[in-house]
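# Descriptive analysis of the structure
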Amino acid sequence: MLSMCLESLGMALCLAGSLLVMVACGLPMWKVTAFIESNIVVAQTIWDGLWMSCVVQSTGQMQCKIHDSVLALTQDLQTARALTVIAAVFGVVALTVTLAGAQCTNCIQQESLKGRVVCTGGVIYITSGLFMLVPLCWMANNIIVDFHNPQIPPSKKREIGAAIYIGWAATALLLMGGGLLCCSFSQGERGGYPIKYSPTKSITSNGDKKYYV
């Protein structure tokens, strides 16, 4: 019962984390305009994402442009693109593996093998979270360094966008969910150690039978 509860909770957390990874990958708000010094009142806000850049006017109108060339992007953007896509793919693979070994499905009949499959899915989820964590921290570090660089003009400085915070939340869910899936693997609870009963010994008497009251 405890194993099933841990498994269900882990799958729910990992599924939510995988969805947030896809949302963070598609959102253009990885870098946003920094409102500092005389740049407080502006007519437009600039969003920079992995796949496009958007300009939001003060009137509410928004115009987006997809990045023309991958080679023209900075190294952190190229790495973030690759790792976030890999993290999303790993999330889909881990979901398939975990469902195959879940206790609520009959894809695998052997209980001990089911536990190993679910544990493998948890490891893949943890790997997906680590793949997502690397570009998030790298991008946030570059934004902070550029923000405090006096050689960069205020109009070129950016702040951490909502997509990075969503990515951090996704990473936390994937790591916690993957850990719960690994913890749910218990051979004792899944039948890895069956209970053995010692054979009963029959008492026979060759002599006279004695009856006690």
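Residues numbered from 1 in each chain as written. Predicted model: local features only at pLDDT ≥ 70, side-chain atom pairs only at ≥ 80, totals over all residues. Heavy atoms only, no water.

Let us now look at the pattern of salt bridges. This model, assessed by the stated rule, comprises three salt bridges. In this structure, Asp 76 engages Lys 31 in a salt bridge whose closest nitrogen and oxygen atoms are separated by 3.9 Å. Taken as a pair, Asp 76 in helix H2 (residues 75–101) and Lys 31 in strand S1 (residues 31–33) lie far apart in primary sequence, 45 residues in all. With respect to class, Asp 76 is no different from Lys 31; both count as buried. (Salt bridge = Lys/Arg side-chain N within 4 Å of Asp/Glu carboxyl O. Helix = DSSP H or I, 4+ residues; strand = E, 2+ residues; numbered from the N terminus. Buried < 20%, exposed > 50% of the residue type's maximum accessible area, 1.4 Å probe, protein only.)

In the numbering adopted here, UniProt assigns the feature "transmembrane region" (unreviewed entry) to residues 12–30, 82–102, 123–145 and 165–186. As annotated, residues 12–30 comprises 79% helix and 0% strand, and the C-alpha atoms at either end are separated by 26 Å. The distance separating the terminal C-alpha atoms of residues 82–102 is 30 Å; by composition the span is 95% helix and 0% strand. (UniProt positions renumbered as here; feature names shortened; annotations may be inferred.)

By definition, a disulfide is the covalent link that joins the sulfur atoms of two cysteine residues. Per the counting criterion, the structure on display carries one disulfide. Each disulfide pairs two cysteine sulfurs, and for Cys 54 the partner residue is Cys 64, the sulfurs being separated by 2.0 Å. Judged by the torsion about the S-S bond (105°), the Cys 54/Cys 64 disulfide is right-handed. Of the two residues, Cys 54 is situated in strand S3 (residues 52–57) and Cys 64 in strand S4 (residues 62–66); the sequence distance between them amounts to 10 residues. What makes Cys 54 buried here is its relative accessible area of 0%. As a non-bridged cysteine, Cys 119 has Cys 182 as the owner of its nearest cysteine sulfur, 4.2 Å distant. (Disulfide = S-S within 2.5 Å.)

Turning to a nonpolar patch on the surface, a few remarks are in order. On the surface, a cluster of nonpolar side chains totalling about 350 Å² of accessible area is made up of Leu 15, Leu 19, Met 22 and Val 92. Here the element with the most residues in the nonpolar patch is helix H1 (residues 2–26); it accounts for three residues. Given the relative accessible area of 39%, Leu 15 is considered partly exposed. (Patch = residues over 30% accessible without salt bridge, like charges linked within 9 Å, V, L, I, M, F, W, Y side chains within 5 Å. Areas by Shrake-Rupley, 256 points an atom, 1.4 Å probe, with all protein chains shown as cover.)

Under the counting rule described, the total for this entry stands at two aromatic pairs. For the pair Phe 90 and Phe 131, a centre-to-centre distance of 5.4 Å together with 80° between the ring planes defines the contact as edge-to-face. Linking Phe 90 in helix H2 with Phe 131 in helix H3 (residues 111–147), this pair joins segments that are 41 residues apart in sequence. Of the residues examined, Phe 131 reaches a relative accessible area of 26% and is grouped as partly exposed. On the numbers, 5.7 Å between centres and 75° between planes, the contact of Tyr 165 with Trp 168 is edge-to-face. Of the two residues, Tyr 165 and Trp 168 are both situated in helix H4 (residues 162–183); the distance of three residues between them amounts to about one turn of the helix. On the accessibility criterion, Tyr 165 (47% relative accessible area) is partly exposed. (Phe/Tyr/Trp six-rings, centres within 6.5 Å; stacked < 30°, edge-to-face > 60°.)

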